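A look at the structure
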Amino acid sequence: MTGTSNRSVERAFRIVDELAENGSGRVSELAERLDMPVSTVHNYLQALVSTGYVAVEDKEYSTTTRFLEVGHRQRHRLEVFKAVSDELQDIAAETGEHVTLLVEENDQCVIVAVQEGPDAVNLFAYPGARMPLHAAAPGKAILAHMPDDRVREIIDRQGLVEMTKQTITDPDVLFDQLERIREQGYAVDEGERIAGMVCLSAPVLDKGDRIRGAICVCGPQSRIDEARREEIADIVQRSANVTQVNLDYV
């Protein structure tokens, strides 16, 4: 692909991201926010409308559910999603909390599936939502089972962005914690991504010990004391093990 083609694709997705972030927009508004010529934005929008990924009504442009269709298809191609089966629903019922399955994609932690127990706090989490690997329990569970060289490459590309005052921003501290995660079999996030929340996560490995994802339970610190943390840690590790076994049959 030529440099011009690369720039064209990048511009198209800048427009898509802007629409997704703000809900909708007129050509002139998008051009101003993106610092692009009005005529250029208009031409890209017309192309996106013709493909069905953007819709226009009363000169207001917005993304369409075609993206949902693409994401849904991709999710169902993930072996770990098929292998997790009813585990997330069972964990949500058992703990009453917020439960997710996440995978690593392009150096980020991505939610693949969500289940909410009867007491779950609304975290506005949804399939496709992304977060830094280092700032979340599932991300750390995944990092702990990657080669150190790859972890360093991710840090070099993404940095260690501070999400809250509790976020790990020192690479040495992160590597120490990753070693501890490997030893104990699960990761803990104490307000590192969302203040006031505690998350516990276990890695899902395949029979070749390759990391395929992580199962995570989150709840408010006021509800998840030390005793409950041990209980939830056992639950996520058990479910991760069941999912690991199921991977052999999908």
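Under the annotation held in an unreviewed UniProt entry, the protein carries the name Transcriptional regulator IclR and is attributed to Natrinema gari JCM 14663.

Within strand S8 (residues 211-220), nine of the ten residues are buried, leaving the element largely enclosed by the surrounding structure. In the sheet, strand S3 (residues 98-105) pairs with S8 via five bridges, with the strands oriented antiparallel. Of the residues in S8, the one forming a bridge with Thr-100 is Cys-216. The pairing of strand S7 (residues 197-205) with S8 spans nine bridges and is antiparallel. Opposite Pro-203, over in S8, you have Ala-214 as the bridge partner. Linking S7 to S8, which pair antiparallel, is a turn of five residues; within it Asp-209 sits at a positive phi near 60°.

As a further point, take the side chain of Asp-107. Checked against the element boundaries, Asp-107 lands in the loop between S3 and strand S4 (108-116). Look past the residues within four positions of Asp-107 in its chain and what remains in contact with it is Leu-133, Ile-154, Arg-157 and Gln-158.

For the pair helix H2 (residues 27-34) and helix H3 (residues 38-51), the least separation of the axes is 9 Å and the interaxial angle reads 115°. As H2 packs across H3, the resulting crossing turns out to be right-handed. Side by side, H2 and H3 meet where Val-27, Leu-30 and Ala-31 of the first sit next to Val-38, Val-41, His-42 and Leu-45 of the second. By residue class, the composition of the contact of H2 with H3 is six nonpolar, one polar and no charged.

Before going further, it helps to examine the UniProt feature "domain: IclR-ED" (unreviewed entry) in the protein. The sites that carry the UniProt feature "domain: IclR-ED" (unreviewed entry) are, in the present numbering, residues 66-249. A distance of 31 Å separates the end C-alpha atoms of residues 66-249, which is 44% helix and 23% strand.

Definitions and cut-offs
- Residues numbered from 1 in each chain as written.
- Predicted model: local features only at pLDDT ≥ 70, side-chain atom pairs only at ≥ 80, totals over all residues.
- Heavy atoms only, no water.
- Buried < 20%, exposed > 50% of the residue type's maximum accessible area, 1.4 Å probe, protein only.
- Helix = DSSP H or I, 4+ residues; strand = E, 2+ residues; numbered from the N terminus.
- Pairing = 2+ DSSP bridges.
- Contact = heavy atoms within 4.5 Å.
- Axes fitted to C-alpha atoms, helices over the stretch in contact; angles between N-to-C directions.
- Left-handed = near helix turned anticlockwise from the far one by under 90°.
- Nonpolar A, V, L, I, M, F, W, Y, C, P; charged D, E, K, R; others polar.
- UniProt positions renumbered as here; feature names shortened; annotations may be inferred.

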